[in-house]
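Architecture at a glance
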Amino acid sequence: MTTALRVPEELSARVPVEQRGPGLERDSVRLLVSRGTEVSHHEFVELPGQLRAGDLLVVNVSPTLAAAVDGRIGHARVVVHFSTRGDDGRWAVELRDPDGRGTTRARAGGPAGTEVHLPGDVRLVLEEPLVPHSLRLWWGRVSDPDVPRLLRRHGRPIRYSYTERDQPLSVYQTVFALASADGSGSAEMPSAARPFTPRLVAELVSRGVQFAPITLHTGVASAESHEPPYPERYEVPPASARLINAVKAGDGRIVAVGTTAVRAVESAADADGVVRAQEGWTDLVVTPERGVRVVDGLLTGLHEPEASHLLMLEAIAGGAAVDRSYEEALSGLYLWHEFGDVHLILPDEDPHSGHCSSNCW
């Protein structure tokens, strides 16, 4: 993907589509469809017509947390983004500076021992960087171990400067979100699934499209530095693994809804593309060199040219196809980010050769 492409500021989706005008719903966004370098333009409600009976959509059921909490270091105000809960009870956190507009800007993390005072007389102490080469995210220990309760009482959804105003947490939940028994969830919404509505899901099911739930709790994005993804907790349950393998053995296509779904199923696949039920942590980064073993297609948002997610798109579709689709998205004035339009990548099938097997692009 060429980084020469620049996304104009006016193409940032500043509010959810349902707030842009009367009669609009979540599925009122636009849908860019690419098959190889062939691109077509649609509305998201036309998604059922782009899929076929026997296809399988892999969806992330992780709920979104109210992961941003105000705090203080001494007399200085900070905002803590709670990213990921570790197995030892610590949390990976990012400290941000308020920018005076209701959003935040990046700040240097650390040093170790820094104490952040949070609401309810709760304290957060930074201990060590999450990864040695980056000081953005730190492992920290919270004096009250019930962090989900802290987030419910005092947190709000993470919001970046391209958005217009704060939104309620419900705006950041997808139709597939399921509450976790331990309060775990995603620091940022698995946003590719946001345009789905119950009505659209029902229509897809009536047409023979199936759904396989997985869970991947997404951490805080690298909004400024576009770092590659770091380890995240995931689960591919046995029923979903069986369904994915059965569809792959037949004529259906595996279409991941979001890059998080790709990361989860590819982490659970062996070298032959057989998916096993698994849970734990994944540090997999899907690149063109690594390729994909399971997914045939991807439904995703539009990513900035510097974003590491574009390597995953190139692994699925190829660089020429991604370049072509992004040129079309820019010229067509598609909207970017979590409230924006979506992109469906499908296999480039030769109409004279019948069904294309997995990953033949």
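What counts and how
- Residues numbered from 1 in each chain as written.
- Predicted model: local features only at pLDDT ≥ 70, side-chain atom pairs only at ≥ 80, totals over all residues.
- Heavy atoms only, no water.
- Pairing = 2+ DSSP bridges.
- Helix = DSSP H or I, 4+ residues; strand = E, 2+ residues; numbered from the N terminus.
- Core = buried A, V, L, I, M, F, W, Y, C linked by side-chain atoms within 4.5 Å.
- Buried < 20%, exposed > 50% of the residue type's maximum accessible area, 1.4 Å probe, protein only.
- Contact = heavy atoms within 4.5 Å.
- Phe/Tyr/Trp six-rings, centres within 6.5 Å; stacked < 30°, edge-to-face > 60°.
- Lys NZ or Arg CZ within 6 Å of the ring centre and 35° of its normal.
- Arc of directions from axis to C-beta.

Pairing between strand β4 (residues 68–73) and strand β5 (residues 76–85): six bridges, direction antiparallel. From the neighbouring strand, Ile73 faces β5, where its bridge partner is Ala76. Hairpin connection from β4 to β5: two residues lie between these consecutive antiparallel strands, with Gly74 at a positive phi of about 65°.

On to the nonpolar core. In this structure, Ile244 and Trp336 are the most contacted members of the largest nonpolar core, which totals 50 residues. Excluding its chain neighbours within four sequence positions, the residues that come into contact with Trp336 are Val7, Leu11, Ser12, Ala13, Leu302, His303, Glu304, Tyr326, Ala329 and Leu330. Core analysis: the next-biggest nonpolar cluster, separate from the first, contains 31 residues, Val69, Trp91, Val93 and Tyr230 among them.

On to the packing of aromatic side chains, then. All told, the structure shown has seven aromatic pairs when counted by the stated rule. Look at Phe176 and Phe211: their rings are 5.8 Å apart centre to centre, the planes differ by 40°, and that puts the pair in the tilted class. One end of the pair, Phe176, is in the loop between α2 (147–154) and α3 (198–206); the other, Phe211, is in strand β11 (residues 210–216), and 35 residues separate them in sequence. Judged on exposure class, the residue Phe176 and its partner Phe211 are both buried. A network of ring pairs unites the aromatic residues Phe44, Phe176, Phe196 and Phe211 as a single cluster. Cation over ring: Arg30 sits above Tyr334, and NZ or CZ is 3.8 Å from the ring centre.

Most peptide bonds take the trans form, and the phi angle of most residues other than glycine is negative. Each neighbour pair has its own omega, and for Gly110 with Pro111 the value is 0°, a cis peptide bond. On the secondary structure map, Pro111 appears in the loop between β7 (104–106) and β8 (115–118). At Asp121, a residue that is not glycine, the phi angle is positive and equals roughly 60°. Tracing the chain through its elements places Asp121 in the loop between β8 and β9 (122–131).

Along α3, the positions that sit buried rather than exposed are Leu200, Val201 and Leu204. In a view along the axis of α3, the buried residues occupy a sector of 100°, so they form one face of it. Opposite the packed face of α3, turned more than 90 degrees from it, sit the exposed residues Pro198, Arg199 and Ser206. Those residues of α3 hidden inside the fold are in contact with α1 (47–50), β3 (56–60) and β11. Positive phi appears at Gly208, one or two residues downstream of α3, with a value of about 90°.

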